[in-house]
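Next come the chains, spelled out residue by residue.
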Amino acid sequence: MNGHGDETGCIIDLVKISKTYLPDIKALQDVSLSVRKGEMIFLTGKSGAGKSTLLRLLSRMEKPTKGVIDVAGIDLNRISPARLQQLRRRIGFAFQDFKLLPDRSVAQNIAMAMEVSYTRAAVIRMRTRKLLQRLGLSDKYHTRTSELSRGEQQRVAIARALSNEPELILADEPTGNLDSETTGMVMDLFRKYNERGATLIIATHDESIYRGTSHRVIELREGRIVDGGPEPDSLRDRSSVHANATPPSAP
Amino acid sequence: MNFLLAVLIQTWRNLVQTWSSQLLTLLTVTLSVLIFSFFYLLYTNVLYAGHQLDDDLRLIVYLEEDPTPEMQEQYRERILKFDQVERIEFLSSREAFDRFAAQLEENRDILVDMPEDFLPPSMEVYPVQSLNTLAKIKRFSDYLQTLPGVLKVQYGREWVERFYLFVKLLRVIVVLSGTLLILTTTFMVANTIHLTLLGRKEELEILLLVGASKKYIRLPFFLEGALQGFVGSLAGIASLYTLYTWIKLRFAVSSILAMFEFTFFPMPVILTIIAFSTLLCGSGSFSSTRKFLQL
């Protein structure tokens, strides 16, 4: 899995990415972005600016209409199904709609991400308890997720995204349903993972979590990056690499 | 945790979550195997009974006159030229009279005034075991009829015809029921898995998003199907054995069934039925997953 991205220190490279939904809704237009390994980035913008679409493209839940996406040195336009699944095990995604199974317990929902990587049961239990403790959900281990509040469900989704010790963490509005205290708890946890080397991309319109931050803040407006855009040096190099790349097929 | 353990845990979870539909499918598989194997057992036993009867099957060829040793040799040569036979026995008029008299026992007095050569001489042809089809027996009988000096050929034609018709009917039933039940079973298993897949669409979507491999998702379904096939066929065979034992105890001693030695399937046949059912159900569910997930 060690690809080009690893050699240049970049984990993500987007080159002139566009995404158009039918009939003609332009979610992203010519977005270029380069993210170094271990970076923490805040993706901001109003609703409908294209934040979620960008994250979905990065985890290959969707294909771009045009442009090249390179994650961990792998061209997502050409990735095989088997390799995509391997890559997804290295990415932790906290979805905006949580994607939890309501009839399963909190522990079972979190364990899913680790089970697919064949993590030992004892390690799964240990990590789950630790994450729940850090997110203030220690007493919810056996509780069904359907019995949780929105804020609690959101934290379970975050715990699942972090459980597999991912290299890349994508969080879509991770604090949307949280009060300021739990928001602080979640952000502390994100920072800890970032300090340990994980790359984080947090899509949010909650200004309080990035105000005064030293990390890069990228603003999206109507599908375009208007502020904090590509890291110019690396992007220039990477553009030439992808000059002959095959554009993806239209949806 | 290794791959196999993870898959087994996932399989167990699936079974627990969908136990009611699993039970229904298991019942279908059990019934299908029971019905098919019942007819198959009947067929094999009738065939076996047929073989037992074949041992006693002979064609009696009535001759115009007692054949001389040279003629006997000629008959033997011409018969062997047509087909292999187990043995040929010649019976003179005198020998036929003696046998008839012996059969009459205390009523033999009725033969007192009869001439000793009133019965025609004959030869009794015992066909080999391969002569077990009606067409073959008929052909053989027709051939014997063409030999010089032959008056008539007898072999209990009507009885043999009925018996082979019955065997033929059973064969059709076995083939038809087998085909229909295979289709039903495969459909039922595939349908159960399809319903399970629909019910767990959300879970499968999440599994794909967190990086589950194709094998990790599909193998539990294959194992579920295979398990249904295995347990279902085992239960079907066990039910048939119980039925067989009951029939044997209840009817075989005092009825026509006592004439024949009824047997259950030998172990290789049992294992084949179980293996086939396991494979059929497993592959049925596997292909259903393939279509659904488009993997």
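Sequence order as written defines residue numbering, which begins from 1 separately in each chain. Key to labels: chains lettered from A, ligands numbered from 1, both in the order written. Local features are withheld for residues below a pLDDT of 70 in this predicted model, meaning they are given only at 70 or higher, and side-chain atom pairs are given and counted only at 80 or more; totals for whole chains, interfaces and linings count all residues. By convention in this description, side-chain values take in all heavy atoms of the structure and omit both hydrogens and water.

## Some words on the side chain of A:Thr143
Residues and elements named next belong to chain A. Strands here mean DSSP runs of E at least two residues long; helices mean DSSP runs of H or I at least four residues long; both are numbered from the N terminus. With respect to the helices, strands and loops of the structure, Thr143 is situated in the loop between α5 (121-134) and α6 (150-163). A residue is classified by how much of its surface remains accessible, and Thr143, at 18% relative accessible area, is buried. Not counting residues within four places of it along the chain, the set of residues in contact with Thr143 comprises Arg104, Ser105, Val106 and Leu148. The buried label applies to any residue whose accessible area, calculated with a 1.4 Å probe on protein chains only, is under 20% of its type's maximum; exposed applies above 50%, and partly exposed to all values in between. Throughout, a contact is declared for two residues whenever any of their heavy atoms are within 4.5 Å.

## What about the environment of B:Ser277?
Residue and element names in this part refer to chain B. With respect to the secondary-structure elements, Ser277 resides in helix α9 (residues 267-293). Assessed through its relative accessible area of 7%, Ser277 is described here as buried. Each C-alpha atom of the pair Ser277 and Ala226 lies 7.9 Å from the other, and the pair is 51 residues apart in sequence.

## A word on the sheet that holds strand β10 (residues 224-227) of chain A
Residues and elements named next belong to chain A. A pair of strands is considered paired only if DSSP assigns at least 2 bridges between the two. Across the sheet, six strands lie side by side as β6-β7-β8-β3-β9-β10; this open sheet has mixed pairing. The open sheet has two free edges, formed respectively by β6 (91-94) and β10, since each of these has just one partner strand. Here the average twist between neighbouring strands, direction ignored, is 20°. In terms of strand pairing, strand β3 (residues 40-44) meets strand β8 (residues 199-203) through four bridges, oriented parallel. Directly across from Leu43, in β8, lies its bridge partner Ala203. Packing of helix α2 (residues 51-58) onto the sheet brings it into contact with β3, β6, β7 (168-172), β8 and β9 (216-221), and relative to β7 it is tilted by some 150°. Angles here are taken between N-to-C directions and fall from 0 to 180 degrees, while the axes themselves are lines fitted to C-alpha atoms, restricted in helices to the stretch in contact.

## Points about the sheet that holds strand β2 (residues 85-91) of chain B
Residues and elements named next belong to chain B. The strand order across the open sheet built from four strands is β2-β3-β1-β4, with neighbouring strands paired in antiparallel fashion. At either end of the open sheet lies a strand with only one pairing partner, and these are β2 and β4 (150-154). Sheet twist, expressed as the mean angle between neighbouring strand axes with direction ignored, is 15°. Looking at chain direction, strand β1 (residues 59-63) and β4 are connected through four bridges and run antiparallel. Counted as the bridge partner of Ile60 is Gln154 from β4. Along the sheet, helix α3 (residues 69-82) contacts β1, β2, β3 (122-127) and β4; its crossing angle with β2, the most-contacted strand, is approximately 155°. On the sheet, helix α4 (residues 93-104) packs against β2 and β3 and is oriented at approximately 95° with respect to β2.

## Re a negative patch on the surface
On the surface, a cluster of negative charge is contributed by B:Glu64, B:Glu65, B:Asp66, B:Glu95 and B:Asp117. Mapped onto the elements, B:Asp117 comes out in the loop between α4 and β3. Patch criteria: residues need more than 30% relative accessible area and no salt bridge. Like-charged residues are merged within 9 Å; nonpolar side chains of Val, Leu, Ile, Met, Phe, Trp and Tyr are merged within 5 Å. Accessibility throughout is a Shrake-Rupley quantity obtained with a 1.4 Å probe, and a residue counts as covered only by protein chains that appear here. By definition, a salt bridge exists where a carboxyl oxygen of Asp or Glu is found within 4 Å of a side-chain nitrogen of Lys or Arg. Counted as positive: Lys and Arg. Counted as negative: Asp and Glu. His and the chain ends are not counted at all. All charge positions are set by atom: Lys at NZ, Arg at CZ, Asp at CG, Glu at CD.

## Details of the nonpolar core
Residues and elements named next belong to chain A. We define the nonpolar core as a collection of buried residues of types Ala, Val, Leu, Ile, Met, Phe, Trp, Tyr and Cys that are connected through side-chain atoms lying within 4.5 Å of one another. In terms of nonpolar packing, the biggest core is built from 36 residues, with Leu162, Phe190 and Ile202 touching the most fellow members. Elements that contribute at least two residues to this core include exactly β3, α4 (106-115), α5, α6, β7, α7 (180-195) and β8. Per element, the largest residue contribution to this core is six residues, and it comes from α6. Setting aside chain neighbours within four positions, we find Phe190 in contact with Ile158, Leu162, Ile169, Ala171, Pro174, Leu200 and Ile202. Core analysis: the second largest hydrophobic core is formed by 34 residues, Leu43, Leu54, Leu84 and Leu87 among them.

## Quick word on the packing of aromatic side chains
Aromatic contacts are taken between Phe, Tyr and Trp rings whose centres are within 6.5 Å, Trp giving its six-membered ring; a plane angle under 30 degrees counts as stacked, one over 60 as edge-to-face, and the others as tilted. Within the structure shown, the criterion is met by 16 aromatic pairs over all chains. With a centroid separation of 5.6 Å and 70° between ring planes, the pair formed by B:Phe38 and B:Phe39 is classed as edge-to-face. Measuring from centroid to centroid gives 5.5 Å for B:Tyr40 and B:Phe265, while their planes differ by 25°, and the two rings are stacked. Linking B:Tyr40 in helix α2 (residues 19-56) with B:Phe265 in the loop between α8 (214-251) and α9, this pair joins segments that are 225 residues apart in sequence. For B:Phe265, a relative accessible area of 7% gives the class buried. For a lysine, the NZ atom is tested; for an arginine, the CZ atom; a charge sits over a ring if that atom is within 6 Å of the ring centre and within 35 degrees of the ring normal. Geometry around A:Phe95 places A:Lys99 over its ring, the cationic atom sitting 5.7 Å from the centre. Across from the ring centre of B:Tyr126, 3.8 Å away, lies the NZ or CZ of B:Arg87, which sits over that ring.

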